[in-house]
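So the chains spell out like this:
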Amino acid sequence: MPGHDIIVIGTSAGGLKALGALVGTLPTDIDAALFIVQHLAADKPSILPKILADVGSLPASHPSDGEPIQKGRIYVAPPDHHLLVNQGSMRVVRGPQENRFRPAIDALFRSAARAYGSRVVGVVLTGYLDDGTVGLQAIKKQGGVAIVQDPKEAEYPSMAKNALRYVKVDRCLPLAEIPDLLVQLSNQPATEEAYPVTEEIEIESRIAEQQMNTQEFLENVEAIGTRTTYTCPECNGSIWQIGKEEPVRFRCHIGHSFTANVFLSEQTQNIENALWSAVRAMEEKVTFSRQMSGRMKNYNLQSAAAKYEDHAKSLDAEVSLIRGIILKGFATKRTIAEAEEEQPE
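As the structure is a computational prediction, the values presented were derived from the model and not from experiment.

Rules and cut-offs
Residues numbered from 1 in each chain as written. Predicted model: local features only at pLDDT ≥ 70, side-chain atom pairs only at ≥ 80, totals over all residues. Heavy atoms only, no water. Buried < 20%, exposed > 50% of the residue type's maximum accessible area, 1.4 Å probe, protein only. Helix = DSSP H or I, 4+ residues; strand = E, 2+ residues; numbered from the N terminus. Pairing = 2+ DSSP bridges. Axes fitted to C-alpha atoms, helices over the stretch in contact; angles between N-to-C directions. Parallel < 35°, antiparallel > 145°, perpendicular 65-115°, else oblique. Left-handed = near helix turned anticlockwise from the far one by under 90°. Contact = heavy atoms within 4.5 Å. Nonpolar A, V, L, I, M, F, W, Y, C, P; charged D, E, K, R; others polar.

**With respect to the pairing of strand β7 (residues 120–124)**
Phase 1: Counting buried positions along β7 gives 5 out of 5 residues, so the element sits mostly inside the fold.
Phase 2: Sheet topology note: the strand β1 (residues 6–11)/β7 ladder contains 5 bridges and is parallel. Its bridge partner lying in β7, Val8 is registered against Gly122.

Written out as structure tokens, the structure reads:
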């Protein structure tokens, strides 16, 4: 019986240091392949594989689409591409963003759970918000093992805290203890119990790979979700609530996916953008009204000039109100972020 030889690791803020510490002590003969998603800027090249290869003894690379999986190697998701695991090979695709990210941790974890079931070990490290939680749930549903870095020592504990809140993890331990556990698990036979792939995991994995036509997308999202009155903050398309589990999450028929926290954040950003557009349009009108007031004065039309000036003052007051709403919105976002970090394990 194979061991737990498919190890998927997800991290975000603070991840470079954590990944270096984790892979730096792994032996060259580890009987497993490692797959890593580190949230990266989409428009910048990544040297993460070189960094990880330099600090440890395992070769690391950005894989190509369709590349065969080899044990004893580290595969790192390239910038602006999802890294997905299939039986014996990998997919590297520009599928829809999940939780505003591409690559997304959930997409990698879900695909590994679909392909390898109980042989998968999912590891969530330091990071902000909750990418990785839904992916860990998928791994557990398929009989795999879920490991979370102790949030007390994580540089950014939100990802670890959310995983602990919503997933029955197998181990939560300091970063320094995770490498030895991964080696042990790689040599430990995975359970022989069969876990049929759930419809939700199957469909969402296919969405990430973009292997369906428009009609299939609609039918499949309808099959696993409930249509809402919301619109997708990325594409303004119809959006469905997926499943009934926590955390609450949404997906549009294009494929964009959001947990509730990220969905709220995206809505807030869209409202802010709309308010700034309103401020710009109103300030233009203020300027134009004052320009017209000046012209009326030049023609000695004092009554008309006063009306334009009064209109400009009224608009100025309204602009100040909208600016105040925007500034209060900034304060609210800071409060939400602080509350997220302060939540107990």
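**Points about the environment of Gln137**
Phase 1: By the element assignment, Gln137 lies in helix α4 (residues 133–141).
Phase 2: Look at Gln137 and you get buried, because its relative accessible area is 11%.
Phase 3: It is 52 Å that separates the C-alpha atoms of Gln137 and Lys285, two residues lying 148 residues apart in sequence.

**A few points about the packing of helix α3 (residues 105–116) against helix α7 (residues 199–209)**
Phase 1: One can describe the packing of α3 onto α7 by two numbers: an axis separation of 9 Å at closest approach and a directional angle of 120°. Between α3 and α7, the angle falls in the class oblique. The hand of the α3/α7 crossing is left-handed. Across the interface between the two elements, Arg110, Ser111 and Arg114 of α3 pack against Ile201, Glu202, Glu204, Ser205, Arg206 and Glu209 of α7.
Phase 2: Partitioning the contact of α3 with α7 into residue classes produces 1 nonpolar, 2 polar and 6 charged.

**Concerning the sheet that holds β1**
Phase 1: Reading across from one edge, β3-β4-β2-β1-β7-β8-β9 is the order of the 7 strands in this open sheet, with parallel pairing throughout. Looking at which strands have only one partner, the edges of the open sheet turn out to be β3 (60–61) and β9 (171–173).
Phase 2: Where helix α5 (residues 158–166) meets the sheet, it contacts β1, β7, β8 (145–149) and β9, and its direction lies at approximately 140° from that of β8.

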